Amino acid sequence: MNQHPIEGLMGVTLEKIKSMVDSNTIIGNPIHLEDGTTVLPVSKVTFGFASGGSDFPTKTTKDLFGGGSGAGVTIQPVAFLVSHNGNVRLLQLSDTTTSLDRAISLLPELVDQVTSLVDSRKKEQRLQDEQLAQAVQEQVQSETK
C-alpha cells in the first residue's frame with residue numbers, strides 16, 4: 001500500500017518539531033560558575049501543528065494531491081534553578097504567578113531558614129549544657145579538696 005502524500009508532509013513536520021524540542025530545551029544544560037554555583041535554565045515550550053490537503057479528481061491514473069503543513073514553536077525562559085553550597089533555589093523570571101505559586105517557590109528557602117535556626121539553637125543549648133557541666137564539675141572538685 002502506497003503512503004499518502006499527507007503522511008509524508010506530517011512526518012517531515014513532526015520530525016522537525018522533534019529535533020527542535022527535547023528535554024534540554026525545557027531544562028537547559030547546566031552552567032557552572034567559578035564560585036561553585038550551578039545554574040539550570042528552565043523554559044516553557046509551546047508548539048502548534050497543522051496540516052491539510054486535498055485529492056483532486058483526475059481522469060488519468062495519476063493521483064493529484066495538493067497540501068501543506070506547518071508548525072510553530074515558542075520557547076520562553078521562565079526560571080533558573082540555582083545550586084550553591086548544597087542549597088537549591090528557584091528564581092522565577094516573571095511575576096505572573098499566583099500567590100500560591102509564590103508561596104510554594106519560597107518554601108525551600110523557609111525550610112532552610114528554619115533548619116538553620118533549629119541547628120543554631122541546638123548548638124547554643126549544647127554549649128550551655130557543656131558550660132553547666134563544667135561549672136558543676138569544678139564545684140565538685142573544689143568541694144573535694
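Residues numbered from 1 in each chain as written. Predicted model: local features only at pLDDT ≥ 70, side-chain atom pairs only at ≥ 80, totals over all residues. Heavy atoms only, no water.

### Observations concerning the overall build of the chain
Then, in step 1: The number of helices and strands found in the chain is three helices and four strands.
Then, in step 2: The order of helices and strands in the chain, counted from the N terminus, is α-α-β-β-β-β-α.
Then, in step 3: Taking 15 Å as the expected radius of gyration for a compact globule of 145 residues, we find that the chain reaches 32 Å, considerably beyond that expectation.
Then, in step 4: Within the chain, the fraction of its 145 residues that count as buried is 10%.
Then, in step 5: Sequence separation of at least 24 residues holds for 49% of the intrachain contacts in the chain that already meet a minimum separation of 6.
Then, in step 6: Within the chain, the 17 negative side-chain charges are centred at a point lying 6 Å from the centre of the 12 positive side-chain charges. (Helix = DSSP H or I, 4+ residues; strand = E, 2+ residues; numbered from the N terminus. Rg over C-alpha atoms; globule rule 2.2 N^0.38 Å. Buried < 20%, exposed > 50% of the residue type's maximum accessible area, 1.4 Å probe, protein only. Contact = heavy atoms within 4.5 Å. Lys, Arg positive; Asp, Glu negative; His and termini not counted. Charge placed at Lys NZ, Arg CZ, Asp CG, Glu CD.)

### With respect to unusual backbone geometry
Then, in step 1: Non-glycine residue N85 carries a positive phi angle of around 55°.
Then, in step 2: Relative to the helices and strands, N85 resides in the loop between β3 (64–84) and β4 (87–92).
Then, in step 3: Overall, N85 belongs to the exposed group, its relative accessible area being 67%.

### Quick word on helix α3 (residues 99–144)
The periodicity of an α-helix, 3.6 residues per turn, causes residues three or four places apart in sequence to face the same way.
Then, in step 1: The terminal C-alpha atoms of α3, which comprises 46 residues, lie 66 Å apart, in line with the 68 Å expected from a rise of 1.5 Å per residue.
Then, in step 2: A maximum bend of about 40° is found in α3 at L107, where proline P108 lies one to four positions downstream. (Expected span 1.5 Å × (residues − 1). Bend = angle between axes of the 7 residues up to and from the residue.)

### A short note on the sheet that holds β4
Then, in step 1: In space, the four strands of this open sheet follow the order β1-β2-β3-β4, with antiparallel pairing throughout. Two strands in the sheet have a free side with no partner beyond their single neighbour: β1 (31–32) and β4.
Then, in step 2: Note that β3 and β4 share six bridges and pair antiparallel. Along β4, the bridge assignment pairs A79 with Q92.
Then, in step 3: Contacting β2 (38–56) and β3, helix α1 (residues 5–20) runs over the sheet at an angle of about 15° to β3. (Pairing = 2+ DSSP bridges. Axes fitted to C-alpha atoms, helices over the stretch in contact; angles between N-to-C directions.)

### Thoughts on the side chain of S43
Then, in step 1: One can find S43 in strand β2.
Then, in step 2: Contact partners of S43, with chain neighbours within four places excluded, come to T25, I26, I75, Q76, P77 and V78.

### Some points on the side chain of T37
Then, in step 1: Along the chain, T37 falls in the loop between β1 and β2.
Then, in step 2: There is a polar contact of 2.8 Å between the side chain of T37 and the side chain of D35.
Then, in step 3: Leaving out residues up to four positions away in the same chain, T37 has contacts with I31, H32, V82, S83 and H84. (Polar contact = N/O pair within 3.5 Å; in protein donor to acceptor, adjacent residues only side chain to side chain.)

Everything listed here is a matter of coordinates, which is why it stays silent on function.
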